[in-house]
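A look at the structure
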Amino acid sequence: MRYLRHRPAKDIAVAIVFLGVICLLVFSAVWAYREYISSPPFVDDEKYPVRGIDVSRHNGDIDFKKVASSGVEFVFVKASEGVSHRDSLFVRNIEEAKRAGLKVGAYHFFRFDADGVDQAVNFLSTVGQRPLDLGLVIDVEKTGNPKSIEEEEVKRKLSSMVEYMNLLGYRVMIYTNHEGYYTYIDDTFPGIPLWICRFYVNPINAEWTFWQYDHHGKVEGIRGDVDLNAFCGSRDDWQRYLKGALYPYSE
């Protein structure tokens, strides 16, 4: 009892730090669960009747005929990343998806540590003049990128990529999550078409065109998990959207 009454201040400080670390770990676990692990939100079929997926080589060989027969209507396909990487299954995925009757778009994973114009060149040369119904998307997210790059530098490189593509006649869309939108997109690219990733019924307090609402979807024709997406609007809105060319080679 005497020891407890006169416990050294150093021990008390260690205990406080330990409790702080535990609280931080609990908070992080709860946040991660809500953001990434929890079940996907309810997506109203009447409000969002048009559904799609996005794929890359990580999804393996896909039977797009089965995908289309399952009710999927569109697919975004990874084309490139950084200044030199090209997805090894891009050409096959685009051609097979179109052959199955799906509407297609292409996306590029934006690298924070690479020049924006050089990334645009890689993206456009990978896609070539292939007709794309849904246009071109730049995937902007912290995951998979170095954490040492300053926010303003990321914005500068991204702006140079977007501006270069705009000058060539491409109106690009941005894919990002909630954090990425408010960090890199909101103030820098007002009005740019948005494809938002978030696992909440109301994904973001901003206008969006596509919503990625599940990372662990199951679709016939694809082994394993696949990302699920919804178009923001009715079927009439969908038809109007498809007629509004976001891409010079849209059919």
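Computed from a predicted structure; not experimentally measured.

The rules we used
Residues numbered from 1 in each chain as written. Predicted model: local features only at pLDDT ≥ 70, side-chain atom pairs only at ≥ 80, totals over all residues. Heavy atoms only, no water. Helix = DSSP H or I, 4+ residues; strand = E, 2+ residues; numbered from the N terminus. Buried < 20%, exposed > 50% of the residue type's maximum accessible area, 1.4 Å probe, protein only. Areas by Shrake-Rupley, 256 points an atom, 1.4 Å probe, with all protein chains shown as cover. Pairing = 2+ DSSP bridges. Phe/Tyr/Trp six-rings, centres within 6.5 Å; stacked < 30°, edge-to-face > 60°. Lys NZ or Arg CZ within 6 Å of the ring centre and 35° of its normal. Core = buried A, V, L, I, M, F, W, Y, C linked by side-chain atoms within 4.5 Å. Contact = heavy atoms within 4.5 Å. Salt bridge = Lys/Arg side-chain N within 4 Å of Asp/Glu carboxyl O.

1. Description of the overall build of the protein chain
Scanning the protein chain for helices and strands turns up eight helices and nine strands. Looking at the protein chain as a whole, 46% of its 251 residues are labelled buried. As displayed, the protein chain has an accessible area near 13600 Å², and 54% of this comes from carbon and sulfur atoms.

2. Considerations on the pairing of strand β8 (residues 210-217)
Of all eight residues that make up β8, six are buried, and the element is covered over most of its length. For strand β7 (residues 194-197) and β8, the ladder comprises three bridges, and the chain directions are parallel. Along β8, the bridge assignment pairs I196 with W211.

3. Points about the packing of aromatic side chains
Note on aromatic pairs: each is described by the distance of the centres and the angle between the planes. Going through the model one piece at a time under the given rule, you end up with 20 aromatic pairs. Measuring from ring centre to ring centre gives 5.5 Å for F74 and W238, while their planes differ by 40°; the resulting arrangement is tilted. Residue F74 is found in strand β2 (residues 74-81), and its partner W238 is found in helix α8 (residues 235-243); the two are separated by 164 residues along the sequence. For F74, a relative accessible area of 0% gives the class buried. Since its relative accessible area comes to 3%, W238 is described here as buried. The ring of Y200 has R198 lying over it, and the distance from NZ or CZ to the ring centre is 4.2 Å.

4. A look at the nonpolar core
With 52 residues, the main nonpolar core has I53, V55, V75, L136, I138, L158 and M165 as its most contacted residues. With five residues, the top contributor of residues to this core is helix α6 (residues 151-167). When sequence neighbours within four positions are dropped, the list of residues in contact with I138 reads H108, F110, L158, M161, V162, M165, V172, M173, I174 and Y175. Counting 16 residues, the second largest nonpolar core, distinct from the first, contains F74, Y175, C197 and L242.

5. Points about the environment of G217
Within the secondary structure layout, G217 lies in strand β8. In this structure the C-alpha to C-alpha distance between G217 and I53, which are 164 residues apart in sequence, comes to 8.9 Å. Residues in contact with G217, not counting those within four places in the same chain, are G224, D225, V226 and L228.

6. A closer look at the pattern of salt bridges
Scanning the model with the defined rule gives 13 salt bridges in all. For E73, the salt bridge goes to R235, with nearest N and O atoms at 2.6 Å. Of this pair, E73 sits in the loop between α3 (64-69) and β2 while R235 is found in helix α8, placing the two residues 162 residues apart along the sequence. Exposure remark for R235: the relative accessible area of 40% places this residue in the partly exposed category. In this structure, a network of salt bridges that share partners links the residues K78, E81, R111 and D113.

Don't take any of this as a statement about function, it's just geometry.
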